[in-house]
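# Chain and residue survey
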Amino acid sequence: MTEFFKHLIADGYQVRPASFDDLPQAVAMFNAAEMERTGVGDWPIEMFHKSWQQPGFDLATSTRLVAAPDGSIVGFVELWDEFDPPANPWIWQRIHPLWHGSGAGYALLAWAIDTSQRALDRLPADARLAPKIGVPSTHKPSIELYESMGMAPCRYSWRMLIDLHEPVPEPHWPAGIHVRPLRYPEDLEATFLAEEEAFEEHWGYVKRPFEETFAHWKYQNFEVSGLKPELWFLALEGDQIAGLINSQKRSPMDAHKGWIPNLGVRKAYRRRGLGQALLLHTFRALQQRDVPAAYLFVDAANKTGATRLYQRVGMRVELEITYYEIELRPGRDLAVAD
């Protein structure tokens, strides 16, 4: 147990791994924290119930929560390092707004950073280890906490939004391309492989074994995120997937907006207007389902021109996310770092 936890326990706090019995109170705290961070907080309990059951994730070894003397949950952290190689463990942390400065956030982050070192046993000896965490660029309590722990900004992403009150133009498809919804489950492997190719130059991408990543991808998309095949569109040339896009009527963070988790175009089909056509097709599909607005996240330094594409179709930057990291071991970076 870290020295930071010992001080909290001495003051009457409880420190322990999370359990499924904690979900109602924990998710209420997550939403309160998210409301303070971004202005919305609509996460459903079921999403976390599914997330905590992902293969390779263990609540006992990968979560810690802090409860106040009255039993209320004031802070929580998850450490995601289930993939091999675990070059960039992901830390997900929330602190109730009323408990900033209590020491709970510092103790939980210290635990996550320290625990990240277990990944060294599963990394090549010359590989860099650098856990990461994200925060809205305007959230000063988190930024002050991360920087006090020696973390530094390493990348930025944007949450981009479009209002869907006005008619959306009809898409123009490149010659030889047709579009249809994803067929579940027969399209899954081909869709996964097309998505992998589309994102293999994306910042943070690490090449991993098919068996491991495909199972996780399938579970994350259809169990945790609850994506529906009828709102997942494939652009095809013959029977070859050229591009893909998926969407939801209800964002997991904001019940009043739709969400586009991924848009990808394979290298051979870029610069032909396919990304724009997929976006417009999806906007129209969401609009037909009475979705008033939709958003997506994009790497602010994306080298494929995605940010310009999104602006061209009428999307605007609504929020910036700063990614922080701390280097625990220098070495060869296994992730794409352009």
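Shown above is the structure to which this text applies.
Computed from a prediction, not measured in an experiment: that's the story for all the values here. (Residues numbered from 1 in each chain as written. Predicted model: local features only at pLDDT ≥ 70, side-chain atom pairs only at ≥ 80, totals over all residues. Heavy atoms only, no water.)

## Brief notes about helix α2 (residues 23-38)
Three or four residues apart is the spacing at which side chains of an α-helix point the same way, because the helix has 3.6 residues per turn. The terminal C-alpha atoms of α2 lie 21 Å apart, and with 16 residues this matches the ideal 22 Å at 1.5 Å per residue to within 8%. If you check which residues of α2 are buried, you get L23, A26, V27, M29, F30, N31, A33, E34, R37 and T38. Directly beyond the C-terminal end of α2, a positive phi value near 90° is found at G39. (Helix = DSSP H or I, 4+ residues; strand = E, 2+ residues; numbered from the N terminus. Expected span 1.5 Å × (residues − 1). Buried < 20%, exposed > 50% of the residue type's maximum accessible area, 1.4 Å probe, protein only.)

## With respect to the nonpolar core
Formed by 31 residues in total, the largest nonpolar core has its most connected members in L164, L274, L279, F283, L296, Y310 and M315. Looking at this core element by element, the count peaks at seven residues for helix α9 (residues 274-288). The residues touching Y310, leaving out its near neighbours within four places in the chain, are M160, L263, L279, L296, V298 and M315. Membership of the second largest hydrophobic core comes to 28 residues, among which are L108, I133, Y146 and M149. (Core = buried A, V, L, I, M, F, W, Y, C linked by side-chain atoms within 4.5 Å. Contact = heavy atoms within 4.5 Å.)

## Brief notes about the pairing of strand β3 (residues 73-80)
Within β3, eight of the eight residues are buried, leaving the element largely enclosed by the surrounding structure. Here strand β2 (residues 63-67) pairs with β3 via five bridges, running antiparallel. When the bridges of β3 are listed, R64 appears paired with V77. Inspection of the sheet shows β3 paired to strand β4 (residues 90-95) by six bridges, in the antiparallel sense. For G75, the partnering residue across the bridge sits in β4 and is I95. (Pairing = 2+ DSSP bridges.)

## Points about the pattern of salt bridges
Inspection of the entire model under this criterion finds 20 salt bridges. With a shortest N-O distance of 2.7 Å, E325 and K132 are connected by a salt bridge. One end of the pair, E325, is in strand β12 (residues 316-325); the other, K132, is in strand β5 (residues 132-136), and 193 residues separate them in sequence. On the basis of relative accessibility, which here comes to 15%, the residue E325 falls in the buried class. The salt bridge involving E318 is made with R159; its shortest N-O contact spans 2.9 Å. Here E318, found in strand β12, pairs with R159, found in strand β6 (residues 152-163); they are 159 residues apart in sequence, far enough to count as distant. Residue classification places R159 among the buried residues on the basis of a relative accessible area of 5%. Several salt bridges converge on common partners, so that one network encompasses R128, K132, E325, E327 and D333. (Salt bridge = Lys/Arg side-chain N within 4 Å of Asp/Glu carboxyl O.)

## A few points about the packing of aromatic side chains
Within the structure shown, the criterion is met by 24 aromatic pairs. Consider the rings of F210 and F214, whose centres lie 5.1 Å apart with planes at 10°: the pair is stacked. Placement of both F210 and F214 in helix α8 (residues 210-224) is noted, with a separation of four residues, approximately one turn of the helix. Looking at F210, the relative accessible area reads 28%, which means it is partly exposed. When its relative accessible area of 14% is taken as the criterion, F214 is described as buried. Chaining the aromatic ring pairs together yields one cluster made of F20, F30, W43, F48, W52, F76 and W92. In this structure, R159 is placed above the aromatic ring of Y295, and the distance from its NZ or CZ to the ring centre is 5.4 Å. (Phe/Tyr/Trp six-rings, centres within 6.5 Å; stacked < 30°, edge-to-face > 60°. Lys NZ or Arg CZ within 6 Å of the ring centre and 35° of its normal.)

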